[in-house]
Amino acid sequence: MRVRPIELRESEREQLQLIIKKGSDWRERERAETILMLSEGQTVVAIAEHQGVKPEAVRERRRKWWRNGLNSLPDQPRSGAPSKLTDAHRSQLKEWIDAEPLNCRVLVSRLTTECGVTISAGTLRNELKRMGYVWKRTRYSLKKSAIPSASSRPDKTSLN
């Protein structure tokens with residue numbers, strides 16, 4: 001059985017070339033390149049070797065292209081649990097963070113006591129990262145101590 005080739009309209013070809021040239025997602029660029037190569041008559045095995053993927057991945061991209069066209073290129077939404085934080089929780093977090101520097105443990109406990117939301121510190125870190133916050137380690141500020149440091153002690157040889 002011969003597989004029907006992909007025939008592209010000029011507008012589709014231009015859009016695929018634009019995605020390859022300026023697309024922000026590498027997966028989308030690679031899928032667009034696959035479709036262009038298939039439309040040029042290259043074999044599935046040759047494309048798979050060129051892109052470093054398995055032939056079945058190329059075949060799957062071709063099947064999705066026939067079903068959905070250009071909509072088959074971007075990643076589809078993934079399944080998973082919905083976020084435990086609402087927009088109100090996010091705005092409350094932003095207020096707390098902007099008011100004073102806090103660590104994740106303090107923010108998690110505040111969320112639990114004041115908002116009734118229980119999440120782990122890792123989940124909070126991921127959420128803060130999505131909100132655009134980054135963790136920055138502060139340097140320790142050592143105040144002058146009453147105990148002299150080793151470098152300020154007199155040499156033992158000078159005590160003679």
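Residues numbered from 1 in each chain as written. Predicted model: local features only at pLDDT ≥ 70, side-chain atom pairs only at ≥ 80, totals over all residues. Heavy atoms only, no water.

Engineer: Help me understand the nonpolar core, please; the structure alone is not making it clear to me.
Structural biologist: As a rule of thumb, nonpolar side chains are buried together in soluble globular proteins. By size, the foremost hydrophobic cluster in this structure holds 15 residues, and its most contacted members are L8, L16, I35, L38, W65 and L73. Only α1 (10-22), α2 (26-39), α3 (44-51) and α4 (55-68) provide two or more residues apiece to this core. Take this core: its biggest share by element is five residues, from α2. If we ignore the near neighbours within four places in the chain, the residues touching L8 are R13, L16, I35, L36, S39 and W65. Among the nonpolar cores identified, the runner-up in size contains eleven residues, and L85, L111, V117 and L128 belong to it. (Core = buried A, V, L, I, M, F, W, Y, C linked by side-chain atoms within 4.5 Å. Buried < 20%, exposed > 50% of the residue type's maximum accessible area, 1.4 Å probe, protein only. Helix = DSSP H or I, 4+ residues; strand = E, 2+ residues; numbered from the N terminus. Contact = heavy atoms within 4.5 Å.)

Engineer: Looking at this model, I keep getting lost on the packing of helix α6 (residues 104-115) against helix α7 (residues 121-130). Mind explaining?
Structural biologist: Packing of α6 against α7 leaves a shortest axis separation of 9 Å and a crossing angle of 100 degrees. The angle between α6 and α7 places the two elements in the roughly perpendicular class. Of the residues in α7, those touching α6 at C104, L107, V108 and L111 are A121, L124, R125 and L128. Class assignment for the residues of the contact of α6 with α7 results in seven nonpolar, no polar and one charged. (Axes fitted to C-alpha atoms, helices over the stretch in contact; angles between N-to-C directions. Parallel < 35°, antiparallel > 145°, perpendicular 65-115°, else oblique. Nonpolar A, V, L, I, M, F, W, Y, C, P; charged D, E, K, R; others polar.)

Engineer: In this structure, what is going on with α6? I would like to understand it.
Structural biologist: Since the α-helix packs 3.6 residues into each turn, any two residues three or four apart lie on the same face. Between its terminal C-alpha atoms α6 stretches 15 Å, which fits the 16 Å expected from twelve residues at 1.5 Å a residue. Of all the positions in α6, only C104, L107, V108 and L111 are classed as buried. Projected onto a plane normal to the axis of α6, the buried residues spread over an arc of 100 degrees and lie on a single side. Of the exposed residues in α6, those oriented more than 90 degrees away from the buried face are R105, T113 and E114. Against the buried residues of α6 lie α5 (87-99) and α7. Backbone nitrogen of R105 and a side-chain oxygen of the N-cap are separated by 3.3 Å at the start of α6; the cap is N103. Directly beyond the C-terminal end of α6, a positive phi value near 75 degrees is found at G116. (Expected span 1.5 Å × (residues − 1). Arc of directions from axis to C-beta. Polar contact = N/O pair within 3.5 Å; in protein donor to acceptor, adjacent residues only side chain to side chain.)

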